[in-house]
Amino acid sequence: GNPIVVEKNKNDVMAEAFRTLRTNLQFVMKKTQGKVIMFTSTISGEGKTFVASNLAVSTVLLGKKVLLMGCDIRRPRLAKVFNFENSRQGLTSYLAADEDEVTMLDKLIIPSNVVDGLDLLPAGIVPPNPAELLSGSNLDRAIEYLREKYDYIILDAAPVGLVADSLIVNRVADIVAYVVR
């Protein structure tokens with residue numbers, strides 16, 4: 001049914017699993033002073049978006065402000081998980097922009113409608129040149145700008161076994177979580 005299994009005041013096995021993941025990541029991140037977590041895997045279908053989305057909800061339940069960012073710009077899934085129309089506006093709109101105006105991101109970020117404090121930056125339209133867009137300096141500027149606005153930024157990235165995109169996005173992440181099914 002619903003891919004979001006973490007809910008406020010819900011104590012089941014799945015919610016506890018995400019609390020454990022959240023706690024372990026917080027422990028590791030204290031050592032690095034990081035706040036950007038990238039999720040990847042070897043191939044599609046291993047649960048990157050599921051894990052990233054539920055970890056984001058679990059983190060918000062601690063009173064943190066979280067941005068879940070769709071960095072899989074070849075096969076975007078966040079819009080489907082959060083029941084949004086597959087938006088033509090999103091990260092790719094900013095990455096493709098010639099301007100150096102990071103405030104454009106504020107117009108592209110949308111509330112999740114699942115829990116207060118969780119915002120989404122969907123991937124946007126699938127571009128003809130994903131690796132080149134992700135390699136550009138706009139991604140670095142976006143993360144630098146968003147670090148000031150959010151307690152945590154969770155990147156839902158592409159599988160590393162199929163395309164180079166996640167290897168490129170890795171440069172802006174403080175922690176890389178590898179999902180294996």
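Up top you'll find the structure we're talking about.
Residues numbered from 1 in each chain as written. Predicted model: local features only at pLDDT ≥ 70, side-chain atom pairs only at ≥ 80, totals over all residues. Heavy atoms only, no water.

Student: Quick question: what am I supposed to make of the nonpolar core here?
Tutor: Generally speaking, nonpolar side chains in soluble globular proteins are found buried as a group. Formed by 33 residues in total, the largest nonpolar core has its most connected members in Met69, Leu146, Ile153 and Leu155. Those elements giving two or more residues to this core turn out to be β1 (36–41), β2 (66–70), α4 (91–96), α5 (104–108), α6 (130–135), α7 (137–147), β5 (152–156) and α8 (165–169). If you tally residues by element for this core, the top one is α7, at 5 residues. Once residues within four sequence positions are removed from consideration, Leu146 is found in contact with Leu67, Met69, Leu105, Ile109 and Ile153. (Core = buried A, V, L, I, M, F, W, Y, C linked by side-chain atoms within 4.5 Å. Buried < 20%, exposed > 50% of the residue type's maximum accessible area, 1.4 Å probe, protein only. Helix = DSSP H or I, 4+ residues; strand = E, 2+ residues; numbered from the N terminus. Contact = heavy atoms within 4.5 Å.)

Student: I tried to follow the packing of aromatic side chains on my own but got confused; where do I start?
Tutor: Geometry of an aromatic ring pair is reported as the spacing of the ring centres plus the angle between the planes. Tallied over the entire structure, the rule returns 1 aromatic pair. Note on Phe18 and Phe50: the rings are 5.7 Å apart at their centroids and 70° apart in plane angle, and the pair reads as edge-to-face. One end of the pair, Phe18, is in helix α1 (residues 13–32); the other, Phe50, is in helix α2 (residues 48–60), and 32 residues separate them in sequence. What makes Phe18 buried here is its relative accessible area of 5%. A residue is classified by how much of its surface remains accessible, and Phe50, at 30% relative accessible area, is partly exposed. (Phe/Tyr/Trp six-rings, centres within 6.5 Å; stacked < 30°, edge-to-face > 60°.)

Student: Could you clarify how one ought to interpret the pattern of salt bridges in this entry?
Tutor: Oppositely charged side chains can form a pair if their charged atoms are brought close together. Counted according to the given criterion, the structure contains 8 salt bridges. The partner of Asp165 in a salt bridge is Arg74, and the shortest N-O contact between them spans 2.7 Å. Taken together, the residues Asp165 in helix α8 and Arg74 in the loop between β2 and α3 (78–81) connect sequence positions 91 residues apart. Given a relative accessible area of 0%, Asp165 falls into the buried group. For Lys149, the salt bridge goes to Asp106, with nearest N and O atoms at 3.3 Å. Placement of Lys149 in the loop between α7 and β5 and of Asp106 in helix α5 is noted, with a sequence separation of 43 residues between them. (Salt bridge = Lys/Arg side-chain N within 4 Å of Asp/Glu carboxyl O.)

Any functional reading would require information beyond the geometric quantities listed.
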